[in-house]
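Per-entry structural report
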Amino acid sequence: MQVFKSFFKVLRKYIGQMIMYVGILCGVMIVFINVGNTDPQNYYKDKTIKYAVSDEDGSEMSRKLMAYLSDTQQLVDGVDMDERGIQDALYNRAVDCVIRIPDGFGDAWANDTADGMLEITTIPRSQASMLFEARLDSYMNMVSLYKRAGDDVNDADKRARMALEQKSIWPKERPQDIPCYIIFTTIWGGS
């Protein structure tokens, strides 16, 4: 009981300051929530990665891969594909990634032995290179999945593109509840 009595004595003594700090916190939270972009569909902008490609295979799968990359990323032409040209392009940030599709890739992909065949040269540990590799892996895995399900290359490519183009749905019914949730979790969720 002694602890509770002491707690309420201190609480009564500093109640004005506590109300003031909670009011300031709520005011700052409301300002931060209302400032900025009010359209929730524009919160995220997809980033396109600058890349160069050398297709030495010319198979149907390599053409589909190049078409997917050119539709979703930014292809940079005019990069010398020798070692020095690739290093210069990466150093000068003309491209973020350089991909080389070796001869025999299409046949290896058809036989499910193409893992590790694509030669990707990137700027080490850059976010753009990690994003590019993740997108490339997602596409290749999705196309391989549809191929194993019995689709040919064209159908697998179409279905993989459809699956990868799906966006998450923002709750349009009641977006005004989100700032209340943020305030609630900030004030009472931290303990």
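Residues numbered from 1 in each chain as written. Predicted model: local features only at pLDDT ≥ 70, side-chain atom pairs only at ≥ 80, totals over all residues. Heavy atoms only, no water.

Topic: the overall build of the protein
- Scanning the protein for helices and strands turns up eight helices and four strands.
- Ordering the α and β elements of the protein from the N terminus gives α-α-β-α-β-α-β-α-β-α-α-α.
- Taken across its 191 residues, the protein has 28% of its residues classed as buried.
- Partitioning the intrachain contacts of the protein with sequence separation of at least 6 by distance along the chain shows that 66% fall at a separation of at least 24.
- Entry remark: accessible area of the protein is about 13500 Å², with carbon and sulfur atoms responsible for 56%. (Helix = DSSP H or I, 4+ residues; strand = E, 2+ residues; numbered from the N terminus. Buried < 20%, exposed > 50% of the residue type's maximum accessible area, 1.4 Å probe, protein only. Contact = heavy atoms within 4.5 Å. Areas by Shrake-Rupley, 256 points an atom, 1.4 Å probe, with all protein chains shown as cover.)

Quick look at the confidence of the model for the protein
- Summary statistics for the protein give a mean pLDDT of 83 and a share of 82% for residues scoring 70 or more.
- Highest mean pLDDT in the protein belongs to strand β3 (residues 97–101) (92); lowest belongs to helix α8 (residues 177–188) (60). (pLDDT = per-residue confidence, 0-100.)

Points about the nonpolar core
- Core analysis: the biggest nonpolar cluster contains 24 residues, and M61, L65, L69, L136, Y139 and M140 have the highest contact counts within it.
- Among the elements that line this core, the one with the most residues is helix α6 (residues 127–148), at seven residues. (Core = buried A, V, L, I, M, F, W, Y, C linked by side-chain atoms within 4.5 Å.)

What to know about unusual backbone geometry
- With a phi close to 60 degrees, R93 is a non-glycine residue in the positive phi region.
- Among the secondary structure elements, R93 is positioned in the loop between α4 (83–91) and β3.

Observations regarding α6
- The end-to-end C-alpha distance of α6 is 31 Å, a good match for the 32 Å that 22 residues give at a rise of 1.5 Å each.
- Residues of α6 that are buried make contact with β1 (50–55), α3 (60–72), β3, α5 (105–110), β4 (119–122) and α7 (153–165).
- Trailing α6 by a residue or two, G150 shows a phi angle of about 115 degrees, which is positive. (Expected span 1.5 Å × (residues − 1).)

A closer look at the packing of α3 against α6
- Two elements in contact, α3 and α6, have axes separated by 11 Å at closest approach and are oriented at 135 degrees. Relative to α6, α3 is oriented oblique. Seen along the crossing, α3 lies across α6 with a hand that is right-handed. In this structure, α3 contributes M61, K64, L65, Y68 and L69 to the contact, and α6 contributes F132, R135, L136, Y139, M140 and V143.
- When the residues that make up the contact of α3 with α6 are grouped by side-chain class, the tally is nine nonpolar, no polar and two charged. (Axes fitted to C-alpha atoms, helices over the stretch in contact; angles between N-to-C directions. Parallel < 35°, antiparallel > 145°, perpendicular 65-115°, else oblique. Left-handed = near helix turned anticlockwise from the far one by under 90°. Nonpolar A, V, L, I, M, F, W, Y, C, P; charged D, E, K, R; others polar.)

Overview of the side chain of S62
- In this fold, S62 is placed in helix α3.
- Only 3.4 Å separates the side chain of S62 from the backbone nitrogen of G58, close enough to count as a polar contact.
- Within the structure, the side chain of S62 is placed 2.9 Å from the backbone oxygen of S59, a separation counted as a polar contact.
- Among residues more than four places away in sequence, those in contact with S62 are D55, D57, I101 and F105. (Polar contact = N/O pair within 3.5 Å; in protein donor to acceptor, adjacent residues only side chain to side chain.)

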